[in-house]
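# Topology and contacts: notes
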Amino acid sequence: MTVNVRTALQIVAALIVAGLAAWLLPQYLELFTLINATVFVSMGLLALSLGLIWGFGGILCFGQTAFFGIGGYTYAVAAINFGDTTWAVPLALLVPTAVAAALGYLMFFGRISDVYMGVITLTTTLILFKFANSTAGDQWTIGTAPLGGFNGIPGTPPLNFPLDPSNQLAPEQVFVVAVLALGICYAVAKLILRTRFGRVAVAIKENELRAELLGYDVRLHKLGLFAIGGFMAGLAGILFANCVFVSPTMFSLSYAGQVIIWVLVGGIGTLVGPVIGCMLIQALTTYAGTLSAIDPNLLLGVLFMLAVVVVPKGLLPTATTILLRLMRRGEP
Amino acid sequence: MDYAVVVALQIVSGVATLVIVSLGLAVVFGMMRVINLAHGEFLMLGGYTAILASGQGVNLWIAILVLPPIAVGIIGAVVERVLIRRLYGRMIDTMLATWGLSLAFIGGVTMLFGNSVTGISAPLGSFEVGRFHVAGYDLFLVAASVAMSLAIWIVLKFTPAGLIARGTMQNAEMAAALGVPPDRVYALTFTAGAALSGLAGGLIAPVSGVLPTMGTAYIAKAFITVITGGAAMLTGTLVASGLLGSVLTIFTFLTTPVFGEVALLVVAIVLLRLLPRGITGRFLRRAL
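Residues numbered from 1 in each chain as written. Chains lettered and ligands numbered in written order. Predicted model: local features only at pLDDT ≥ 70, side-chain atom pairs only at ≥ 80, totals over all residues. Heavy atoms only, no water.

The subject of this paragraph is the overall build of chain A. Each helix and strand counted, chain A has 13 helices and two strands in total. Computed over the C-alpha atoms, the radius of gyration of chain A is 20 Å, within 12% of the 20 Å expected from 2.2 N^0.38 for a compact globule of 332 residues. Principal-axis analysis of the C-alpha atoms places the extent of chain A at approximately 70 × 50 × 45 Å. Burial analysis of chain A (332 residues in total) assigns 52% to the buried set. Counted over contacts in chain A with a minimum sequence separation of 6, partners at least 24 positions apart contribute 77%. (Helix = DSSP H or I, 4+ residues; strand = E, 2+ residues; numbered from the N terminus. Rg over C-alpha atoms; globule rule 2.2 N^0.38 Å. Buried < 20%, exposed > 50% of the residue type's maximum accessible area, 1.4 Å probe, protein only. Contact = heavy atoms within 4.5 Å.)

Right, here's the structure in full:
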């Protein structure tokens, strides 16, 4: 099976799964579960965005939540001001992409190392967290949208049909949009990795010096991939804002840490892995939240350490290796 | 005139605080190239040690200066043994594992002590500069930062232990060939770094108040300072603290504390664009 055929099959499979989920789940799940599922899907998209830039670009971004939060906040502020989400959405995709590009320019063209990059991106999201927390009070309004400090913007308007502000999407429809967005982003990410740009990005991740000596512009490719990651994280933020509401938590350290754990547990170097890891861990922390005996942060932290020490490759690659070995043993 | 003196004092104490919270991290990163993302939580544990001890009626100065470095040093030794030791040479995995540790510490402490701010009142009262009051404890922090820096410098430069530590960091194999066990040097260095972080936590506890997530308030600043400082750990941290601490305090004065931190970050990122290897990657290269 050639690589192109396999990619095509994976894309078709992902779109079919997304289509089925979008069609069937709203019919069977209760509304509350469905809204929770929408949150999971938006988080899954966030995990996908980091899985793409970290697993295939080698870009160690500890603050992917920065673009997630910026996307959500831009959407909420623009939607409140415009009274219509038709133009709020593109704006909320443009702003995180632009911020990612600007930050990426400073980091990649400064040629700072991985470790510094991790620290700078983490610091960025932490400072945005502080900033968003400090925006309580009347002086902090953009247009007609109060930023609300610690409380965020509870009245984040839900998406409406394009150019028809009175016709808002029901939670079921938001779920459909979210699942399709995740499926399409997965397909787009797969396709990007098949293009010349994507293959160069992977080459840079494998050996930056070699790629550079072969004449590829390392800085520009990393910047491009980072901006795409910012775009997807922004989209995840819009979806999140639709089913919860925007608040400084979107930038918080515990969210920033969770995204890393999802990707790490799911498997670096895969695109499905992070999404699966996200769903599993979300389900686990939600369950732990109902127990209330164990602090979710404690659980996450222990999982995080175990993932690094015990399964450094992540669940999906480890499982694949074991499966392959078993299948080979089954053959005569 | 009085106002200028007060502002100058504020800047100096802002710089001193930055030095205090960064030194533990600088030792661990500068000597071992280990990025300890649980540094903020080491500060937090130091703070809690000080609070608990003074709550038990221990003398305030012992609670601030003696017990936190001991307690956090022990915790650091355990962490090195259980976690860090498995990950030497894998810089990124170390970052991730210590991040997990940081979340676990936050969660654990929240379970034990609850998610509320506790504090101890700052000793030393205040004195007057013209129409203004200046807290005596601020000046004490300045003295403490100088003392801590001097102590690190003297240990590294003039004691056999410091010589062995510096040698091992430069070339672990050669040190091992000469009969120095690198494992033990790494373990002791990490413990010393943790103890410094604990001391920092104890020192800032009266100023900042103590709560499980207090580490997150300092970790960003501490990291940026150490990274902006660059390769020469002590000189770099001091120079970067001087620069970034001034920016932080001045912008805090002109606007709000949040914009002070934003300004700090922006200056640091632009500086790293110009000097990707930190300040001491370009200047003062031979310094310690």
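So, next bit.
All right, on to the side chain of D138 of chain B then. All names here are of chain B. Among the secondary structure elements, D138 is positioned in helix α6 (residues 136-158). Here D138 is buried and forms no salt bridge, its nearest opposite-charge partner K221 lying at an N-O distance of 13 Å. Ignoring any residue separated from it by four or fewer positions in sequence, one finds D138 in contact with Q10 and S13. (Lys, Arg positive; Asp, Glu negative; His and termini not counted. Salt bridge = Lys/Arg side-chain N within 4 Å of Asp/Glu carboxyl O.)

A few words on the interface of chain A and chain B. In this complex, chain A contributes 44 residues to the contact, which on the side of chain B involves 40 residues. For the pair chain A and chain B, the summed buried area comes to about 3700 Å², and 83% of that belongs to carbon and sulfur atoms. Linking chain A with chain B are one salt bridge, by the criterion used here. Summed over the shared surface of chain A and chain B, the result is two residue pairs in polar contact (both at pLDDT 80 or more). Listing elements by their share of the side of chain A that touches chain B, those giving two or more residues are α4 (88-108), α5 (114-133), α10 (253-266) and α12 (296-309) of chain A. (Buried area = accessible area lost by both parts, 1.4 Å probe. Polar contact = N/O pair within 3.5 Å; in protein donor to acceptor, adjacent residues only side chain to side chain.)

A separate point is the packing of helix α2 (residues 39-55) of chain B against helix α9 (residues 182-208) of chain B. All names here are of chain B. The geometry of α2 relative to α9 is characterised by a closest axis approach of 7 Å and an angle of 55° between their N-to-C directions. Comparing the axis directions of α2 and α9 gives the class oblique. Our pair here, α2 against α9, has a crossing hand that is right-handed. Contact with α2, carried on its side by H39, F42, L43, G46, G47 and A50, involves F190, A194, S197, G198, A200, G201, G202 and A205 of α9 and no other residues of that element. Of the residues that constitute the contact of α2 with α9, the class distribution is seven nonpolar, seven polar and no charged. (Axes fitted to C-alpha atoms, helices over the stretch in contact; angles between N-to-C directions. Parallel < 35°, antiparallel > 145°, perpendicular 65-115°, else oblique. Left-handed = near helix turned anticlockwise from the far one by under 90°. Nonpolar A, V, L, I, M, F, W, Y, C, P; charged D, E, K, R; others polar.)

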